[in-house]
Structure formats: structure tokens, C-alpha cells
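Here is what each chain is made of, one letter per residue.
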Amino acid sequence: MKTLIEPFKIKSIEEIPILTVEQRTKLLNEADLNPFTLRSSSITIDMLTDSGTTAMSAKQWAALMDGDESYAGSRSYFKFEDKVRELTGFKHIIPVHQGRAAERILFNVLDVKGKTVPNNTHFDTTRGNIEFNEANAVDIPCPEGVRPDIIADFKGNMDLDSLRNVIKEVGTENIPVVMMTITNNSGGGQPVSMANIRGAAKIAHDNKLPFFLDCCRFAENAYFIKQREEGYADKSVMEITNEMFSYADGCTMSAKKDGLANTGGFIAMNDDMLAEKSKTVLIVTEGFPTYGGLARRDLEALAVGFDEVMKEEYLSYRLGQVKYLGDKLVEAGVPLLLPTGGHGIYLDAKAFAPHIKPENFPGQSISCEIYRISGIRSVEIGSVMFGKKDENGNHIGPAMELVRFAIPRRVYTKSHIDYVAEAIIEVYNNREKLRPMEITWEAPFLRHFTAKFKFVD
Ligand SMILES: *Cc1c(COP(=O)(O)O)cnc(C)c1O
């Protein structure tokens, strides 16, 4: 049988709001053309993010009930710790309430001020935490990773020559850690090959630098390796996962992604000193090391989620659903990042709306129009999220202007995906009507969450 099916059936449903175009046009204007600030009661299909939006399984809901809410030494923590150790092999496993808390702790204990952190591509909160600590976040994606028109197996890879060059330029004493994001979220949810992880780790270690994975989507990355990298087809997802982590000295994780739960995360490492320091920061800012700002029942849900995410039926459905949407768009000629990544599709806004200059936010304009006609929420990943100004006030945009449709895990059915494809294709067919935009207000950090826009004609 070739037909893609969801490897689960529905036990409990949640109604979705269905509004009119007129209602949505009004709401979008009231939200200053920033879909981030819309209420979910005005969203029909929410593809803003795949973070914490997972549908939990009946087994996870049952596990919640078994949570041991002891403040210290909770048995729920030890279940969680065992599961994370089985995946990663790290010595110290410290729970946190979500991924950016792990980042905040890491960049605090590493004392990064004035230093440089290389990464294949920093996620926005990672960059935010580095810059907030007055350090320099450097993206060194492989060349094909920033070319939407090139099809390659591992477009999430790091450019290893650039890594060597950055280390040579700034000196090892000015690099607190080398990071690698799997899959490469901001680079299009593209996977990183085992060879690239191994290569980056070797360069870091040859220079006596620690190597950390930002491993939010480790299971999706592992399954891509199984499908695409020579020598891995017959290995289990667990074996591949173990090998990926074996090259790293630690990791930061948002378990709101491949933890298949609604909240949680962890920071893990082998170094005893770093773990001690991390736990001190944790206790001051998150909570005791056996709960890290989570309810203990959340740790139970995660322990089950980490089992479910490793199942091949789940992973082949997950990556297959993303590809199914991508294939429909390709068929209609819509420009998008190819091949499709692990957790969503990324429209190539420069090719989609070439009449809008990067400084006039083509991605934001596309995202707004798709919401307006369909109630589908997406997010701009381009000049709004990463744009800067030089000393003369000229716009400096990132390499790509993208619009991401992140697919929540186990939430939407094939007919929802068909609806999304139809909306994107309709806006694409009327693309010359898309209008340029300008920011009227922005916050100093992570401006895309709250920025206000207007159309300029
Ligand atoms: C989501 C994400 C984070 C941050 O995690 P939160 O749980 O949202 O704080 C960091 N890195 C990557 C690659 C992510 O996708």
C-alpha cells in the first residue's frame, strides 16, 4: 500500500474556529499585520510553530496521572532522566521548562561576553540569548543550505571550512562553544548528516573546544540520516541517535518539539564543573534539579513521548506528511525550499513575490495574505526575524526570505493539509497583488514577536 495514513486514530477532538474573510481582514488590521499577535480563536489552522503544539497520546495522558509531585527526588524525574540518558548517553541531565532556558543557562555558565559562538544556523532564541550576553552569534551554513533552488540531502550541514576559518580568525580563547542545530530549523528544517556532525566535532575537539548540539529535532534528523546517508539504512533510529550524541559534549533541547509534549526541555553535558554551575543557575532561576521549572507530571509525559518519537511508523508518517504538502506545492509551481525538511514547508518569498524588496518584507506580506483568505497562520523567517541595519541605516537581510508553515505533531489530518496547499496556491496565483510593508514599531530583541507593520504603496 502506498497511501499515506496517520498511524493513529482520533479519540478526542477540539473544534477549530472558521471565520469569514471580512472578519479576518479586520482582525489582521487590528493586529498591526503581525499574525503572531492574533488570538488563536481567530485561527483555523495554526502553523505558526511546531513547538509545544503536539497532540499527546492516550499513554501520555495516562502517564500524567502517575506524576509524582515531590519537590525533590521525584520518581518522575528519574524516569525522565533514564529515558534521556538512553537517547543521549550524557552524564548530567538537567530539566528546564523549555529550550531557551537551557540556552540561557549554557551561555551564562560559559561566560560568553565578547566572544563568538559558531553554529550551522542559530535559531532565533539561541541568537537572542547569545546577543543578550553581549556575544557574537555566527551562522556558517553550507553553501547549498542557503540556496532554495538546490536539491541536496543534507542542506542543514555546517560549512566546515568556515568553522576552521572562524576559529583561526577569532582564536580558540574567544570561542566558548561550537554549536550544531539538528535539524537546522532556521535553515529550513533541513537535516545534518552524521559525517558533518562528526566533522564539526572533530574540528572543535582538535581545538580543545566543547561541541554542543541544539537537538530539538534529533529524532527527525536521525530518520533523515537513516533514509539518506550511506551506511545507515539498516541501523535503528536509536543507534543513529546514540551515534549523533556520542560526538557531542552536551546539548540543549526544547522537548516541545521531539519530546512530543506541550512543554519541557533539558540541558545535558558530561563535564562535572559545567553541570555544577548549570545547576546553581537552574536553582536560582528555574527550580530544583529534579524538576527544573516543570510539573513532575510533565516529566512523565516526556518520558513516554521520547519512546513514541523514536518509532519508525511515526517518523515516516511525520516526514511523509511534510513531503505530501511540499509535493502538492511543487506541482502547482510554488517556489519553496527543497527537498522538504522535517517539520514544515518553507516558501521562498524572494521567488514568490519578487516585486517586493527584502526591506519591505515579502515573507510577512505573503503570510498575512494567506491568513486573510484562509485562516491559516504561518511565520516569516527572513528580514523581519533576522534583518539588521548598518551604520548608514541600510537594510542587511539574511541569506533567505522564507515563510514557514510548521506542522504540529499528530494534530492535523490529510484534509487539513489539502486545505493549506489550496490556500498557498491561491495566493501564489494572485501574487502580483501582494503589497510591500514597513515596520512602524519594534522591540530591541526578537522583534518579530511583537513588531507592528503597515502597507506602503
Ligand atoms: C524551539 C527551538 C529552540 C528554543 O526552544 P523553546 O522551547 O521555544 O524555548 C531552540 N533551538 C531550536 C532549533 C528550536 O527549534
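Note: the structure precedes this text.
Sequence order sets the numbering: in each chain, residues are counted from 1 along the sequence as written. Selection of residues for local features in this predicted model requires a pLDDT of at least 70, selection of side-chain atom pairs for listing and counting requires 80 or more, and totals for whole chains, interfaces and linings are taken over all residues. In computing side-chain properties, one takes all heavy atoms of the structure into account and sets aside hydrogens as well as water.

(A) Representation of the overall build of the protein within the structure. Scanning the protein from terminus to terminus reveals 16 helices and 16 strands. The quantity called the radius of gyration is restricted to C-alpha atoms. Its globule counterpart is 2.2 Å times the number of residues to the power 0.38. In terms of overall size, the protein behaves like a compact globule, its C-alpha atoms giving a radius of gyration of 21 Å where 457 residues would be expected to give roughly 23 Å. Considering only C-alpha atoms, the protein reaches an extent of 60 × 55 × 45 Å along its principal axes. The classification of residues rests on relative accessible area computed with a 1.4 Å probe and restricted to protein chains. Under 20% of the type maximum is buried, over 50% is exposed, and intermediate values are partly exposed. Of all 457 residues assigned to the protein, the portion counted as buried reaches 57%. In what follows, a contact means two residues having at least one pair of non-hydrogen atoms within 4.5 Å. Within the protein, residue pairs in contact and separated by at least 24 positions form 72% of the contacts whose partners lie at least 6 positions apart. Areas reported as accessible are Shrake-Rupley estimates using a 1.4 Å probe. Residue values count occlusion only from the protein chains shown. Accessible surface, the protein as shown: approximately 19,000 Å² in total, 52% of it carbon and sulfur. For the purposes of this entry, the term helix denotes a DSSP run of H or I that reaches at least four residues, the term strand denotes a run of E that reaches at least two, and both are numbered from the N terminus.

(B) Region of the structure containing helix 5 (residues 124-132). Of all nine residues in helix 5, seven are buried, a share of seventy percent or more. Among all positions in helix 5, only Asp-124, Thr-125, Thr-126, Arg-127, Gly-128, Asn-129 and Ile-130 are buried. Looking at the buried side of helix 5, the elements it contacts are helix 4 (99-109), strand 3 (116-119), strand 4 (136-139), strand 6 (211-214), helix 15 (383-386) and strand 12 (388-389). One or two steps after helix 5, the chain reaches Glu-134, where phi turns positive at roughly 60°.

(C) The packing of aromatic side chains, seen in detail. Each Phe, Tyr or Trp ring, with Trp reduced to its six-membered ring, pairs with another whose centre is within 6.5 Å; inter-plane angles below 30 degrees give stacked pairs, above 60 give edge-to-face pairs, and intermediate values give tilted ones. Tallying each qualifying case throughout the model produces 14 aromatic pairs. Considering the side-chain rings of Tyr-71 and Tyr-291, the 5.0 Å spacing of their centres and the 70° angle between planes classify their relative orientation as edge-to-face. A residue pair is termed long-range when its members are at least 10 positions apart, and Tyr-71 in the loop between helix 2 (58-65) and helix 3 (75-88) and Tyr-291 in the loop between helix 10 (272-285) and helix 11 (296-308) qualify at 220 residues. Residue classification places Tyr-291 among the buried positions, given a relative accessible area of 12%. Cluster of aromatic residues (ring-pair linked, three or more members): Tyr-77, Phe-78, Phe-80, Phe-90, Phe-218, Phe-245, Phe-266 and Phe-306. To sit over a ring, a charge needs its Lys NZ or Arg CZ within 6 Å of the ring centre and within 35 degrees of the ring normal. The ring of Tyr-291 is capped by Arg-296, whose NZ or CZ atom sits 4.8 Å from the centre of that ring. The cationic tip of Lys-414 hangs over the ring face of Tyr-324; the distance from NZ or CZ to the ring centre is 5.2 Å.

(D) Just the sheet that holds strand 9 (residues 344-348), in detail. As summarised here, the arrangement of the three strands in space is 9-14-11, forming an open sheet in which the pairing is antiparallel. Strands at the two margins of the open sheet, each flanked by one partner only, are strand 9 and strand 11 (379-381). Shown here is a sheet whose adjacent strand axes are inclined to one another by a mean of 30°, direction ignored. The axes are straight lines fitted to the C-alpha atoms, using for helices just the contacting stretch, and the angles between their N-to-C directions are given from 0 to 180°. Here helix 14 (residues 362-374) sits on the sheet and contacts strand 9, strand 11 and strand 14 (402-406); the angle it forms with strand 14, its principal contact strand, is near 40°. One bridge is not enough; two strands pair if DSSP finds at least two bridges between them.

(E) Molecular detail of the nonpolar core. Of all hydrophobic cores here, the largest spans 61 residues; its most connected members are Phe-80, Ile-182, Phe-211, Leu-213, Phe-218 and Phe-306. Segmentation into domains, and thus their bounds, comes from an automatic or database assignment. When residues of this core are sorted by domain, at least three fall in each of domain 1 (21-50 + 311-455) and domain 2 (58-308). We define a nonpolar core as any set of buried Ala, Val, Leu, Ile, Met, Phe, Trp, Tyr and Cys residues linked to one another through side-chain atoms lying within 4.5 Å.

(F) Layout of unusual backbone geometry. Between Ile-182 and the following residue, Thr-183, the backbone shows a cis peptide bond with an omega angle of -20°. Secondary-structure assignment places Thr-183 in the loop between strand 5 (178-181) and helix 7 (194-206). The step from Leu-338 to Pro-339 runs through a cis peptide bond, and the omega angle for that step is -5°. Relative to the helices and strands, Pro-339 resides in the loop between helix 12 (312-331) and strand 9. Of note in the backbone geometry, Lys-208 takes a positive phi value of approximately 60° without being a glycine. Here Lys-208 lies in the loop between helix 7 and strand 6. With a phi angle near 65°, Arg-410 is a residue other than glycine that sits in the positive phi range. Among the secondary structure elements, Arg-410 is positioned in the loop between strand 14 and helix 16 (414-429).

(G) Local environment of the packing of helix 6 (residues 160-170) against helix 7. Close contact between helix 6 and helix 7 brings their axes to 10 Å; oriented N to C, the two are set at 15°. What the angle tells us is that helix 6 and helix 7 run roughly parallel. The two elements helix 6 and helix 7 cross, and the hand of that crossing is right-handed. On helix 7, the residues touching Leu-160, Leu-163, Arg-164 and Ile-167 of helix 6 are Asn-196, Gly-199, Ala-200 and Ile-203. For the contact of helix 6 with helix 7, a count of residues per class yields five nonpolar, two polar and one charged. Should an angle fall under 35 degrees it is taken as roughly parallel, and over 145 as roughly antiparallel, whereas 65 to 115 is taken as roughly perpendicular and any remaining angle as oblique. Left-handed describes a crossing whose near helix is turned anticlockwise from the far helix through less than a right angle; right-handed describes the clockwise counterpart. Amino acid classes used here: Ala, Val, Leu, Ile, Met, Phe, Trp, Tyr, Cys and Pro are nonpolar; Asp, Glu, Lys and Arg are charged; the rest, including Gly, are polar.

(H) Geometry of the site of the ligand. Near, as used in this document, describes a residue that has one of its heavy atoms within 4 Å of the molecule or strand being considered. What surrounds the ligand is a group of 16 residues, the closest being Gln-98, Arg-100, Asp-214, Ser-254 and Lys-257. Between the ligand and Gln-98, the relevant distance is 2.8 Å, taken from an oxygen atom to a side-chain nitrogen or oxygen of the residue. With respect to the ligand, the side chain of Asn-185 contributes an N or O atom lying 2.9 Å from an oxygen atom. Contact with the protein chains removes 98% of the 380 Å² of surface that the ligand exposes when unbound. A total of three residues in the shell around the ligand trace back to one element, the largest contributor, which is helix 4. Here the residues of the shell around the ligand sort into two nonpolar, eight polar and six charged. Counting of polar contacts relies on pairs of N or O atoms within 3.5 Å, with two restrictions inside protein: one atom must be capable of donating a hydrogen and the other of accepting it, and residues adjacent in sequence are counted only when both atoms are side-chain atoms.

(I) How the structure looks around the pattern of salt bridges. Every case where a carboxyl oxygen of Asp or Glu lies within 4 Å of a side-chain nitrogen of Lys or Arg is listed as a salt bridge. Evaluated as defined, the whole model comprises 33 salt bridges. Across the pair Glu-131 and Lys-388 runs a salt bridge, and its minimum N-O distance is 3.6 Å. Here Lys-388 lies in strand 12 and Glu-131 lies in helix 5, a separation of 257 residues in the sequence. Look at Glu-131 and you get partly exposed, because its relative accessible area is 27%. With a shortest N-O distance of 3.0 Å, Glu-220 and Arg-409 are connected by a salt bridge. Taken as a pair, Glu-220 in helix 8 (residues 218-228) and Arg-409 in the loop between strand 14 and helix 16 lie far apart in primary sequence, 189 residues in all. You'll find Glu-220 and Arg-409 in the same group, each marked buried. One salt-bridge network, held together by shared partners, links Asp-50, Arg-217, Glu-220, Asp-258, Arg-318 and Arg-409.

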